[in-house]
Amino acid sequence: MNEVSAFYTGPGQLLAAISSALDAAGVDRTALRPADLAAVDEFHIRGRRATLEIIEALGLTADSQVLDLGSGLGGPARTLAEVTGCTVTGVDLTPEFCQVATALSEWTGLSGRTRFHVGDATATGLPDESVDAAMTVHVAMNIPDKHALYAEAFRVLRPGGRFVVYDVLQGEGGEVHYPVPWAADPSTSFPATLEDMRRLLPAAGFDVISELDSSDESLYWFQHMRAKIQREGPPPVTFATFLGDSFAQMTANQVTNLAERRIRTVMFVCSRP
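What counts, and at which threshold
- Residues numbered from 1 in each chain as written.
- Predicted model: local features only at pLDDT ≥ 70, side-chain atom pairs only at ≥ 80, totals over all residues.
- Heavy atoms only, no water.
- Helix = DSSP H or I, 4+ residues; strand = E, 2+ residues; numbered from the N terminus.
- Rg over C-alpha atoms; globule rule 2.2 N^0.38 Å.
- Contact = heavy atoms within 4.5 Å.
- Buried < 20%, exposed > 50% of the residue type's maximum accessible area, 1.4 Å probe, protein only.
- Arc of directions from axis to C-beta.
- Expected span 1.5 Å × (residues − 1).
- UniProt positions renumbered as here; feature names shortened; annotations may be inferred.
- Axes fitted to C-alpha atoms, helices over the stretch in contact; angles between N-to-C directions.
- Parallel < 35°, antiparallel > 145°, perpendicular 65-115°, else oblique.
- Left-handed = near helix turned anticlockwise from the far one by under 90°.
- Nonpolar A, V, L, I, M, F, W, Y, C, P; charged D, E, K, R; others polar.
- Salt bridge = Lys/Arg side-chain N within 4 Å of Asp/Glu carboxyl O.
- Core = buried A, V, L, I, M, F, W, Y, C linked by side-chain atoms within 4.5 Å.

As recorded in an unreviewed UniProt entry, the protein goes by the name SAM-dependent methyltransferase, listed as coming from Pseudarthrobacter defluvii.

Okay, here's the thing in C-alpha cells:
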C-alpha cells in the first residue's frame, strides 16, 4: 500500500501548489466555498454531482456521524457537511492528502464538522457501531482485499445505517488502459466486476438496496469537461495539481476505457440490518 500512497502523493508540496494557483487566479480565500474547490478535491468521476447523489442516498441529518473511507482531499466530506450539517470523519492512507484536506476544511469554514486521519480503510480502529452512515468513493480499485474494506464498513456502522459505495468497476470490454487517475499500471489496480460486488457486499452482511450504473453519464461528463477546458481553459486548480504531467494521458484513457466499456461506474446503496 506504500506504492498507492506514493502514487497519490506525487511531487509533494500540494497545499502550496493549490494555494499559489488560487492566488494567481485572484480567488478570495476568505469567501471560499466547497464548490469552488470541486475541480481538485472532488476526485472522482462526475465530481460534485455524484457527491450530491450520494448525499441523497445516505439520508443524512445534521446529527449524523459519517465515515468516509478513503477520503482523499476531503471534497465529498466537505460537501456532505455543508449541505446537511452532518459531521464527517475521513480516513485516508496518504498523509499529505489528510494534511491538505484539513487545511481546505479550514479555508472553507468546515473544520468543525470534518476531520481527517491517516489510516487504513480496512482497519480504521474506530469503535464498533460508532457511525450513522458510511461511504467510499473511488477507493476500492486500489484495495485487493475488498472483503476487509466492506467488513470494516459493516463493523463501524450502526444497525439501520446506510453505506454507499461509488466505484470504478472492471467492464466487459477488456483490460483497462493505463495510466488512469488511480494507478500508473496494473500493479496497484484491482477493480472488481459487477458480479464481484453483488457477492462481496451481501457477504459482508449488507442488504443491497439499489445499484445504479452511471457509465454513460460518466463518459458524457469527461467529454463535456474536455470540451469546456478547450473552450474556456482549465480551472485554477485541477487533479493535475497532484497527478502531474500524466494527467492528460490519464484523462484520455478514461474516456477510451468508458467508451470501450473497459470500466464502468456504479453506485451501490446498502444498509446494515
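On to the overall build of the protein, then. Helix and strand counts for the protein stand at eleven helices and seven strands. Rg of the C-alpha trace for the protein: 17 Å, near the compact-globule value of 19 Å for 273 residues, within the 12% margin. Considering only C-alpha atoms, the protein reaches an extent of 50 × 45 × 30 Å along its principal axes. For the protein, restricting intrachain contacts to residue pairs at least 6 apart in sequence, the fraction spanning at least 24 positions comes to 82%.

Attention now moves to helix H1 (residues 2–9). For H1, the complete set of buried residues consists of Val4, Ser5, Phe7 and Tyr8. One side of H1 holds all its buried residues, which, seen down the axis, span an arc of 160°. Projecting away from the buried face of H1 at angles above 90 degrees are the exposed residues Asn2 and Glu3. Contacts made by the buried residues of H1 are with helix H6 (95–107), helix H10 (240–243) and helix H11 (247–259).

It is worth spelling out H11 at this point. For H11, built from 13 residues, the straight-helix expectation of 18 Å at 1.5 Å per residue is met to within 8% by its first-to-last C-alpha distance of 18 Å. Inspection of H11 places Phe247, Met250, Thr251, Asn253, Gln254, Val255, Asn257 and Leu258 among the buried residues, and these make up the whole buried set. Buried-residue contacts for H11 involve H1, helix H9 (215–232), H10 and strand S7 (263–271).

Looking now at the UniProt feature "domain: Methyltransferase type" (unreviewed entry) in the protein. Mapped onto the present numbering, the UniProt feature "domain: Methyltransferase type" (unreviewed entry) falls at residues 67–165. Annotated as residues 67–165, this span is 34% helix and 30% strand, and its ends, taken at the C-alpha atoms, are 12 Å apart.

Now for the packing of helix H7 (residues 146–156) against helix H8 (residues 194–203). Where H7 contacts H8, the axes come no closer than 9 Å and their chain directions differ by 40°. Taken together, the axes of H7 and H8 are oblique relative to one another. Crossing hand, H7 versus H8: right-handed. Facing H7, whose interface residues are Lys146, His147 and Tyr150, H8 presents Met197, Leu200, Leu201 and Ala203. Looking at the contact of H7 with H8 residue by residue, the classes come out as five nonpolar, one polar and one charged.

Another aspect to go through is the pattern of salt bridges. The tally for this structure, following the rule as stated, stands at 15 salt bridges. In this structure, glutamate 82 engages arginine 48 in a salt bridge whose closest nitrogen and oxygen atoms are separated by 3.3 Å. Of this pair, glutamate 82 sits in helix H5 (residues 75–84) while arginine 48 sits in helix H4 (residues 47–58), and the two are 34 residues apart along the sequence. Look at arginine 48 and you get partly exposed, because its relative accessible area is 22%. A salt bridge links aspartate 196 to arginine 199; its shortest N-O distance comes to 3.5 Å.

Along the chain, the position of glycine 174 falls in the loop between strand S5 (157–170) and H8. Taking the relative accessible area as the measure of exposure, glycine 174 reaches 28% and is therefore partly exposed. For the pair glycine 174 and arginine 262, spaced 88 residues apart in sequence, the C-alpha separation works out to 5.2 Å.

One finds Ile18, Ile54, Leu58, Leu80, Trp182, Phe242 and Leu243 to be the most contacted residues of the largest nonpolar core, which totals 56 residues. Looking at which element gives the most residues to this core, the answer is H6, with six residues. Setting aside residues no more than four positions away along its own chain, isoleucine 54 makes contact with Met135, Val137, Val164, Tyr166 and Met267. The next biggest cluster of nonpolar side chains, apart from the first, holds 27 residues, and it includes Val139, Leu169, Leu201 and Phe206.

This part covers unusual backbone geometry. A cis amide bond links tyrosine 178 to the next residue, proline 179, at an omega of 5°. The topology assignment puts proline 179 in the loop between S5 and H8. Phi is positive for arginine 46, which is not a glycine, with a value near 75°. Position of arginine 46 among the secondary structure elements: in the loop between helix H3 (38–41) and H4. Even without being glycine, arginine 261 reaches a positive phi, approximately 60°.

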